[in-house]
Amino acid sequence: MAPSYMSDIITVSTNNNYSLRSVLHNDLVLKHKPKTKYTKDSFNHYSMTVWNKIPIEIRNAATIKSFKYLYKKYLLNMT
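Since this is a predicted model, take the numbers as computed values, not measurements. (Residues numbered from 1 in each chain as written. Predicted model: local features only at pLDDT ≥ 70, side-chain atom pairs only at ≥ 80, totals over all residues. Heavy atoms only, no water.)

Undergrad: Quick one: what's the story with the overall build of the protein, residue by residue and with numbers?
TA: Helices and strands together make up the secondary structure of the protein, namely six helices and two strands. Of the regular secondary structure in the protein, the N- to C-terminal order runs α-β-α-β-α-α-α-α. When contacts within the protein are restricted to residue pairs at least 6 apart in sequence, those whose partners lie at least 24 apart make up 22%. A total of about 6,800 Å² of accessible surface is found on the protein, and carbon and sulfur atoms cover 60% of it. (Helix = DSSP H or I, 4+ residues; strand = E, 2+ residues; numbered from the N terminus. Contact = heavy atoms within 4.5 Å. Areas by Shrake-Rupley, 256 points an atom, 1.4 Å probe, with all protein chains shown as cover.)

Below you can see the structure in the form of structure tokens.
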């Protein structure tokens with residue numbers, strides 16, 4: 001559901017040979033690893049790390065509305 005310019009930057013983890021945890025959890029991976037602090041602070045890297053930290057139950061929500069509800073509840077319980 002992301003715009004094409006975002007889909008070109010960030011991809012979902014895939015591996016056809018092994019059943020990896022990152023594939024099962026639909027983790028995001030960057031096409032290129034960041035080498036500097038500037039790139040680590042970029043949207044690409046930050047969004048990937050935030051998404052990968054969200055619990056699987058929330059990431060697999062059936063609708064956007066339920067995702068927003070569960071994520072808000074998760075954020076409020078973190079503090």
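Undergrad: Tell me about the packing of aromatic side chains, residues and numbers included.
TA: The tally for this structure, following the rule as stated, stands at three aromatic pairs. Note on tryptophan 51 and phenylalanine 67: the rings are 5.9 Å apart at their centroids and 35° apart in plane angle, and the pair reads as tilted. Here tryptophan 51 is found in helix H4 (residues 43-53), whereas its partner phenylalanine 67 is found in helix H6 (residues 64-78), with 16 residues between them in sequence. Residue classification places tryptophan 51 among the partly exposed positions, given a relative accessible area of 27%. Ring pairing ties together the aromatic residues Trp51, Phe67, Tyr71 and Tyr74, which thus form one cluster. (Phe/Tyr/Trp six-rings, centres within 6.5 Å; stacked < 30°, edge-to-face > 60°. Buried < 20%, exposed > 50% of the residue type's maximum accessible area, 1.4 Å probe, protein only.)

Undergrad: For the environment of tyrosine 69, give the residues involved together with the corresponding values.
TA: Mapped onto the elements of the fold, tyrosine 69 is located in helix H6. Under the relative-accessibility criterion, tyrosine 69 is labelled exposed at 55%. It is 9.1 Å that separates the C-alpha atoms of tyrosine 69 and isoleucine 58, two residues lying 11 residues apart in sequence.

Any functional reading would require information that these geometric values do not contain.
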